[in-house]
Amino acid sequence: MDDALVDVLLYQLSIGARVNGTFNSRAYDEVVKELVAKFDMDINKDKVKNRQKTLKKNFGECYDIFKEGLSGFGWNDSLSMWTAEPEVWEPLIMSKPAAKKWMATPIPNYFKMAQLWAKDRATDDHAETAKEKRARYATSTTIDGIDLMVSQNEVSLENFEVEESDQMKHSLLKAKKKKVSEDGERDNVISRSFDNISMAMDRATEVMEKCFMKISGTEIYAALQVLDLEPTLVTDAYIFLMDNVKYKDMFFGCPVSGRKDLLLKLMSKSKN
């Protein structure tokens, strides 16, 4: 039933029945209608929403690991899994222990779900309402709490807008003094760091070049599948990238969110 649910949700997405990441009530009515007709089961909106929530959660866990197109991994259609040699999995699991689950866990309809929910990953898990933020400000009356929000650019020491108690005024005063003394030290650290940045960028470039050289045709095809291209354009784009090493490097060096626009511009430029 998951296959049918994902397909019906994709159709509703294609006709504009989802606004700001949320399907409207009519869309869910249509989804229920389609599934009941297909499976002759007791299905209602709540069941559809609960199953969609589960699918979205599982997809998000997997997508957050593989969304950048990891070198050495390829998508296996028959297994519905990301696959790689054990020695390729090992460093990934060391850096992201959650990846171990996906060594043996299939995730059918991965690329279809990417069309549904990949763009949501930037906001769904980390959004904080204004009310929640104000409540957190009101409880952050210690120097460390205020410092943390300042470091994350959530507030400045000049416009920390909550009702100030005596304790908070005292904490703010200390935080301002601490910030002044730390600014000088921070400037020195930044200055010393500049000398290392160039070397680090050179090393990173070398590593990236080696990674791009190892990218297989399977990985290229999998990366294209995520971009919501027309089927014929996927084939053309695959051939284009396989034939042009320079453009392939540019494509994989670009964040996923900008790859489609970059690819279309490169292919158009090539034709002119």
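Cut-offs applied
- Residues numbered from 1 in each chain as written.
- Predicted model: local features only at pLDDT ≥ 70, side-chain atom pairs only at ≥ 80, totals over all residues.
- Heavy atoms only, no water.
- Helix = DSSP H or I, 4+ residues; strand = E, 2+ residues; numbered from the N terminus.
- Contact = heavy atoms within 4.5 Å.
- Areas by Shrake-Rupley, 256 points an atom, 1.4 Å probe, with all protein chains shown as cover.
- Polar contact = N/O pair within 3.5 Å; in protein donor to acceptor, adjacent residues only side chain to side chain.
- Core = buried A, V, L, I, M, F, W, Y, C linked by side-chain atoms within 4.5 Å.
- Buried < 20%, exposed > 50% of the residue type's maximum accessible area, 1.4 Å probe, protein only.
- Phe/Tyr/Trp six-rings, centres within 6.5 Å; stacked < 30°, edge-to-face > 60°.
- Lys NZ or Arg CZ within 6 Å of the ring centre and 35° of its normal.

## Some points on the overall build of the chain
Turning to step 1, where the next piece is worked out: Across its full length, the chain carries twelve helices and four strands.
Turning to step 2, where the next piece is worked out: A sequence separation of at least 24 residues applies to 59% of the contacts in the chain between residues at least 6 apart.
Turning to step 3, where the next piece is worked out: Just so you have it, the chain exposes about 17600 Å², and 53% of that area is on carbon and sulfur atoms.

## Notes on the side chain of Arg 259
Turning to step 1, where the next piece is worked out: Structurally, Arg 259 can be placed in helix H12 (residues 256–271).
Turning to step 2, where the next piece is worked out: There is a polar contact of 3.4 Å between the side chain of Arg 259 and the backbone oxygen of Phe 251.
Turning to step 3, where the next piece is worked out: Of the polar contacts made by the side chain of Arg 259, one reaches the backbone oxygen of Cys 254; its length is 2.9 Å.
Turning to step 4, where the next piece is worked out: Leaving out residues up to four positions away in the same chain, Arg 259 has contacts with Glu 68, Ala 223, Leu 227, Phe 251, Phe 252 and Cys 254.

## Side note on the nonpolar core
Turning to step 1, where the next piece is worked out: Within the largest apolar cluster, 39 residues are counted, with the highest numbers of intra-cluster contacts made by Val 48, Phe 59, Phe 66, Trp 82, Ile 107 and Tyr 110.
Turning to step 2, where the next piece is worked out: Counting only elements with at least two residues in this core, the list comes to helix H1 (2–14), helix H2 (25–39), helix H3 (45–66), helix H4 (86–95) and helix H5 (110–117).
Turning to step 3, where the next piece is worked out: In terms of residues, this core owes the most to one element, H3, which gives seven residues.
Turning to step 4, where the next piece is worked out: Setting aside chain neighbours within four positions, we find Ile 107 in contact with Asn 58, Phe 59, Cys 62, Trp 75, Ser 80, Trp 102 and Met 113.
Turning to step 5, where the next piece is worked out: Counting 16 residues, the second-largest nonpolar core is a separate cluster that includes Val 234, Ala 237, Phe 252 and Leu 263.

## What to know about the packing of aromatic side chains
Turning to step 1, where the next piece is worked out: Applying the stated criterion across every chain, the model contains 17 aromatic pairs.
Turning to step 2, where the next piece is worked out: Aromatic side chains Phe 59 and Tyr 110 sit 5.4 Å apart centroid to centroid with 55 degrees between the ring planes, which places their arrangement in the tilted category. Within this pair, whereas Phe 59 is found in helix H3, its partner Tyr 110 is found in helix H5, the two being separated by 51 residues in sequence. Tyr 110 carries the same exposure label as Phe 59, and that label is buried.
Turning to step 3, where the next piece is worked out: Plain terms: the ring middles of Tyr 221 and Tyr 238 are 5.9 Å apart, the flat faces sit at 75 degrees to each other, and that makes the pair edge-to-face. With a gap of 17 residues between them, Tyr 221 in helix H9 (residues 217–225) and Tyr 238 in helix H10 (residues 231–243) connect regions that are remote in the sequence.
Turning to step 4, where the next piece is worked out: Clustering of aromatic rings is evident, with ring pairs tying together Phe 59, Tyr 63, Phe 66, Phe 73, Trp 75, Trp 82, Trp 89, Tyr 110, Phe 111 and Trp 117.
Turning to step 5, where the next piece is worked out: Above the face of the Phe 23 ring, Arg 18 is positioned so that its terminal group lies 5.5 Å from the ring centre.

By themselves, these observations are geometric and do not establish any function.
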